[in-house]
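Understanding the architecture of this molecule
One-letter residues, chain by chain:
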Amino acid sequence: MKYLIVLLAFSLLSQKTIVSQESISVEDAIAIAMKHNYDIQLATNANLQAKNNKSIYNSGFLPSATAAADGRFSSSNATITNQAGVETEIPGVETKGYGGSVGLNYLLFNGGARKYQYDKLKNLYSLSSLQKKTQIENTLIEVYTSFYNVARNQEQLKTVTEAFQISKERLERVTAQQKYGQKTTLDILNARVDANKDSINLINVHVLVENNMRNLNFLLGREINTPFLAEADVTLNEELAYLELLDLLRKKNNELQQWEINQSISRQELKINQAGWLPSVSTNVSYGFNYNDNGPAGFLAEQQTTGVTAGINLNWNVFDGGATKVRVQNAKIAMKTQELNQQKVQLNLENQLAKFWAEYTTQKAIIRNEEINVEISNQNFLKSKELFNLGRITSIDFRQAQLNLINTKLNLLNAKYNAKIAELQLKKFAGLLTNN
């Protein structure tokens, strides 16, 4: 009995703690996750890198400019001989010079590879944007699921706490009735066993609440032991239609859109490789100056030059041993592979949509039935409790009525939350989750 009283105090303390916690709605949780979730932040950074990569500065369409300068100095002993054969030694001959140049280089044509590479970078940015959106959708689904699991567990905690209270009152009643010969030791043992079972259920659900709270706090990017109360008003969208969702999936699903961009990238890769069969043309222009002081031993005392240099270069790799041919063949195979993967992914997504639709409609039907069952089970329990207190039914019959009420309440809770999670999954597949 003392053990049960301790458990009761534990359960009441748990309920008091939950009531005193900060309440957050599912909208609050989503807003926090959008700001602080680590996966979303990582996807944002990757998207920013892709944006930088598609810049004109990374395209190869701009020329390159160079500047160079140099200085020279030497000191040496020189021996010179004139035409008459007279030899003269000149010690410590110093020569010096300096120069500089600026140049401009530009690739005029490389078989179109530069253009296709730039188009590829822009597609990679679009792909990264969709990947970021997909990560946001995946995170939102995780947040929704964790939030509703917390809300579900907190509602379950109320139900099992109520069940434990009833079992404790029953144990106290039969213990008192035994003193007057109305109940036997067997009745007390049955009541104690049932109360112990309910206390274990209470502890298990409490652990579930705490674990799911930690999971949600992790997704929200905050300290995992932050306590809160999940405010969940589960309202289902009754306007969903399977054929409309299927049509939206084919048009707006982010994963399918990513595969379409991957197809475009594969086509650009093919063109980039085919450009290896064409020549490349580049041009350069530079302006430079150069000054030399040749010292007393030089033929010319000083020399200075300035001028412009320009040129054009043609480079054509007529035969590269077949490497370009192999790359082109592999690029064509990659295009076919992308097409097959896209078809496979679309079929799989349609299959998943159908499964969640079946789950959604099934849980809605269960909700309607369980609402009726809860009402009937509650009436049956109240009547059974009255008869049990009058000694007209056994403790086993009373326990069965209690279990029926507990199970129908829990079944109704599960059906509501399962239906809501399935609804959110349907919206995700249809590309509607971020509009939710």
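Data block above holds the structure.
Since the structure is predicted, the reported quantities are computational estimates derived from the model, not experimental observations.

Along the chain, Arg114 falls in helix α4 (residues 113-179). The side chain of Arg114 sits in the buried core without any salt bridge; Asp119 is the nearest counter-charge, 11 Å away. Within the structure, the side chain of Arg114 is placed 2.7 Å from the backbone oxygen of Leu107, a separation counted as a polar contact. The residues contacting Arg114, other than those within four sequence positions of it, are Ser59, Gly60, Phe61, Tyr106, Leu107, Leu108 and Phe109.

What follows covers the packing of helix α7 (residues 254-274) against helix α8 (residues 323-389). α8 packs onto α7 with a crossing angle of 170° between their chain directions and a minimal axis gap of 9 Å. With respect to α8, the element α7 is oriented roughly antiparallel. Its residues assigned to classes, the contact of α7 with α8 shows nine nonpolar, 10 polar and seven charged.

As a further point, take α8. Between its first and last C-alpha atoms α8 spans 91 Å; for 67 residues at 1.5 Å apiece the expected length is 99 Å, and the two agree. In the segment just after α8, Gly391 is the residue with positive phi, at about 80°.

It is worth spelling out the pattern of salt bridges at this point. All told, the structure shown has 15 salt bridges when counted by the stated rule. In this structure, the salt-bridge partner of Glu155 is Lys158, at a minimum N-O distance of 3.4 Å. With Glu155 and Lys158 both in helix α4 and three residues apart, the pair spans about one turn of that helix. A residue is classified by how much of its surface remains accessible, and Glu155, at 31% relative accessible area, is partly exposed. Among the ionic contacts, a cluster of salt bridges with common partners joins Arg170, Asp194, Asp198 and Arg399.

It is worth spelling out the packing of aromatic side chains at this point. The description of two aromatic rings rests on the distance between their centres and on the angle between their planes. Tallied over the entire structure, the rule returns 10 aromatic pairs. When the ring of Phe388 is compared with that of Phe398, the centres are 4.8 Å apart and the planes differ by 20°; the resulting orientation is stacked. Here Phe388, found in helix α8, pairs with Phe398, found in helix α9 (residues 395-429); they are 10 residues apart in sequence, far enough to count as distant. No difference in accessibility class separates Phe388 from Phe398, as the two residues are buried. Members of the aromatic cluster, connected to one another through ring pairs, are Tyr144, Phe147, Tyr148 and Tyr417. A cation over a ring is seen here: Lys54 above Tyr125, with NZ or CZ 5.0 Å from the ring centre. Sitting above the plane of the Phe429 ring, Lys428 keeps its charged end 5.1 Å from the centroid.

Before going further, it helps to spend a moment on the nonpolar core. One finds Val143, Tyr144, Phe147, Tyr148 and Phe228 to be the most contacted residues of the largest nonpolar core, which totals 34 residues. With 13 residues, the top contributor of residues to this core is α4. Residues in contact with Val143, not counting those within four places in the same chain, are Ala29, Ile30, Ala33, Leu216, Leu219 and Leu220. Counting 21 residues, the second largest nonpolar core, distinct from the first, contains Val345, Trp357, Ala419 and Leu426.

Position of Gln352 relative to the elements: it lies in helix α8. Take Gln352: its relative accessible area is 23%, and that puts it in the partly exposed class. For the pair formed by Gln352 and Phe429, sequence separation is 77 residues and the distance between their alpha carbons is 8.3 Å.

With that settled, consider the packing of α4 against helix α5 (residues 185-219). The interhelical angle for the contact between α4 and α5, taken along N-to-C directions, is 160°, at an axis separation of 8 Å. Relative to α5, the element α4 lies roughly antiparallel. For the pair α4 and α5, the crossing hand works out as left-handed.

Each value, and the rule that gives it
Residues numbered from 1 in each chain as written. Predicted model: local features only at pLDDT ≥ 70, side-chain atom pairs only at ≥ 80, totals over all residues. Heavy atoms only, no water. Helix = DSSP H or I, 4+ residues; strand = E, 2+ residues; numbered from the N terminus. Buried < 20%, exposed > 50% of the residue type's maximum accessible area, 1.4 Å probe, protein only. Lys, Arg positive; Asp, Glu negative; His and termini not counted. Salt bridge = Lys/Arg side-chain N within 4 Å of Asp/Glu carboxyl O. Polar contact = N/O pair within 3.5 Å; in protein donor to acceptor, adjacent residues only side chain to side chain. Contact = heavy atoms within 4.5 Å. Axes fitted to C-alpha atoms, helices over the stretch in contact; angles between N-to-C directions. Parallel < 35°, antiparallel > 145°, perpendicular 65-115°, else oblique. Nonpolar A, V, L, I, M, F, W, Y, C, P; charged D, E, K, R; others polar. Expected span 1.5 Å × (residues − 1). Phe/Tyr/Trp six-rings, centres within 6.5 Å; stacked < 30°, edge-to-face > 60°. Lys NZ or Arg CZ within 6 Å of the ring centre and 35° of its normal. Core = buried A, V, L, I, M, F, W, Y, C linked by side-chain atoms within 4.5 Å. Left-handed = near helix turned anticlockwise from the far one by under 90°.

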